[in-house]
Amino acid sequence: MPEPAEPTPNPSAEHPHAATLRRLEHSSGKLAAAAIARMDDQLPWYRAMPPEHRSWIGLVAQAGIAAFTEWFRHPETPQAISTDVFGTAPRELTRAITLRQTVEMVRTTIEVMETAINEVAAPGDESVLREALLVYAREIAFATAQVYAQAAEARGAWDARLESLVVNAVLSGEADEGTVSRAAALGWNAPEHVAVVLGTAPDGDSELTVEAIRRAARQAKLQVLTGVLGSRLVVIAGGTPDPLKAAKSLIGPFAAGPVVAGPVVGDLLSATRSAQAAAAGLRACPAWPDAPRPVLADDLLPERAMAGDPTARTLLVEEIYRPLEEAGSALLETLSVFLEQASSLEGAARMLFVHPNTVRYRLRRVTDVTGWSPSDVRSAFTLRIALILGRLLDGEEAATP
């Protein structure tokens, strides 16, 4: 047996509150003008806006009152209030005014409509219109939240893609002025000190990892651009001249394993140098199992040099070997003998035919010149590698016709 057909609505049927509906239709323009006037009177941010933005808001207020009229006409029909109201203004409206300002705008419009109930409603329909307005106000509040939530999601997805482009450009050495512009669009304020921190990304949702980095950066008062590239978690940190301090502040979200901080550079375009040093340090970390976590890329210079990093080799020669060479042959000779004699002052003094105090003085000069102390085991290792590389380079230059 076929099911009975649903009754077809009769469009010609009289609305139960037809008089109120007609009065509401006739008053919509007046109500919209009153809402705009009250905004201009009570909302300083509205008065300060450019005319174009004010016109958008006026359109939204008019659409809101028109949508309420239509909703009052057919309260039983589901309606997309967000489309009816906010669809009249361009998408840029969510960037032009904040959610708080939108709430104030909606509240002002509803208040204007509420104060006009006794004037608009037909005799005896005041409570009906007031109840309808309360229900509509709830719906418009949900619609407002939905519009801004959708805008935030779209903006967040776009920002994430833009941030990945910036991070990848810095890491790959392709950063240019376009990269700087994209970073500025993400809120990067061009800090004076920039360093790149690299480590292993944890398993799971990369968005959660990125958000954890941002929380840590806010607590440390750092600017960051970050992303997960393959198995690596990359953080470009700005705002502190101490890269190790920055790395310690951000280390929480990294997975187990080494975390390397590149040297501080002056701007985002130069951050590629910091990124390349951090990447070379990360590759060389297995050669120093007891390295601190985090560790500076410059503290891994000997391992990086032995792993084939040309930048590390150049730094060791230019910052250690050449300054010692320029300071006089006595320093190079004393350092070399001291290291060969297992860091023994007396042994070096005997080999050099000088007093131990002379050796001690020369070693202090080595520290002053290079910044590395021969009496420290780790520093002695770095100095030894620098001497080896410097001598090899000198030999190559001497053999070149």
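None of these values were measured; they are calculated from a predicted model.

A. Expanded view of the overall build of the chain. A tally of helices and strands in the chain yields 18 helices and five strands. The long-range fraction of contacts in the chain, counting pairs at least 24 apart against all pairs at least 6 apart in sequence, stands at 68%. Taken as a whole, the chain presents about 21400 Å² of accessible surface, with 54% of it coming from carbon and sulfur.

B. The arrangement of the packing of aromatic side chains in detail. A complete count under the given rule lists two aromatic pairs for this structure. Between Trp45 and Tyr46, the ring centres sit 6.3 Å apart and the planes meet at 85°, which makes this aromatic pair edge-to-face. Positioned above the aromatic ring of Trp288 is the side chain of Arg378, whose terminal nitrogen or guanidinium carbon lies 3.5 Å from the ring centre.

C. Fine view of helix H11 (residues 243-250). Within H11 the residues assigned to the buried category are Pro243, Ala246, Ala247 and Leu250. Summarising the axial view, the buried residues of H11 lie within an arc of 100°, below the 170-degree limit, and thus occupy one face. Opposite the buried face of H11, at more than 90 degrees from it, the exposed residues are Lys245 and Lys248. Its buried side turned inward, H11 meets strand E1 (194-200), helix H10 (206-220), strand E2 (223-229), strand E3 (232-238), strand E4 (260-261) and strand E5 (295-296). Put simply, Asp242 is the residue that caps the front of H11, since its side-chain oxygen is 3.1 Å from the backbone nitrogen of Leu244.

D. Quick peek at the sheet that holds E3. The sheet built from five strands is open, its strands ordered E2-E3-E1-E4-E5 with mixed pairing. Each edge of the open sheet is held by one strand with a lone partner, namely E2 and E5. Where E1 lies against E3, seven bridges are found, and the strand directions are antiparallel. Bridge pairing in E3 places Leu198 opposite Val234. Along the sheet face, helix H12 (residues 271-284) touches E1, E3 and E4 and points at about 30° away from the line of E1.

E. Here's a closer look at the pairing of E2. Examined bridge by bridge, E2 and E3 share seven bridges and lie antiparallel to one another. Within E3, the position partnered with Gly227 by the bridge is Val234. Where E2 folds back on E3, the antiparallel hairpin that results is connected by two residues, among which Gly230 adopts a positive phi of roughly 65°.

F. The arrangement of the environment of Glu104 in detail. One can find Glu104 in helix H6 (residues 99-115). Distance from Glu104 to Met39, taken between C-alpha atoms, is 8.7 Å for residues 65 residues apart in sequence. For Glu104, the side chain forms a polar contact with the side chain of Trp45, separated by 2.6 Å.

G. View of the side chain of Asp394. Here Asp394 lies in helix H18 (residues 377-399). Of note is the side chain of Asp394, whose polar atom sits 2.7 Å from the side chain of Tyr321. Ignoring anything within four residues of it in the chain, the contact list for Asp394 reads Tyr321, Arg322 and Glu325.

H. Quick peek at the nonpolar core. Judged by nonpolar contacts, the single largest core of 33 residues is most densely connected at Met39, Trp45, Ile57, Phe68, Met105, Leu129 and Tyr136. Residue assignment for this core shows that the elements contributing at least two residues are helix H1 (18-42), helix H2 (44-47), helix H3 (51-73), H6, helix H7 (117-120) and helix H8 (126-172). It is H3 that provides the largest number of residues to this core, a total of eight residues.

I. Looking closely at the side chain of Ser27. Along the chain, the position of Ser27 falls in helix H1. On the basis of relative accessibility, which here comes to 16%, the residue Ser27 falls in the buried class. Only 2.8 Å separates the side chain of Ser27 from the backbone oxygen of Arg23, close enough to count as a polar contact.

Rules behind the numbers
Residues numbered from 1 in each chain as written. Predicted model: local features only at pLDDT ≥ 70, side-chain atom pairs only at ≥ 80, totals over all residues. Heavy atoms only, no water. Helix = DSSP H or I, 4+ residues; strand = E, 2+ residues; numbered from the N terminus. Contact = heavy atoms within 4.5 Å. Areas by Shrake-Rupley, 256 points an atom, 1.4 Å probe, with all protein chains shown as cover. Phe/Tyr/Trp six-rings, centres within 6.5 Å; stacked < 30°, edge-to-face > 60°. Lys NZ or Arg CZ within 6 Å of the ring centre and 35° of its normal. Buried < 20%, exposed > 50% of the residue type's maximum accessible area, 1.4 Å probe, protein only. Arc of directions from axis to C-beta. Polar contact = N/O pair within 3.5 Å; in protein donor to acceptor, adjacent residues only side chain to side chain. Pairing = 2+ DSSP bridges. Axes fitted to C-alpha atoms, helices over the stretch in contact; angles between N-to-C directions. Core = buried A, V, L, I, M, F, W, Y, C linked by side-chain atoms within 4.5 Å.

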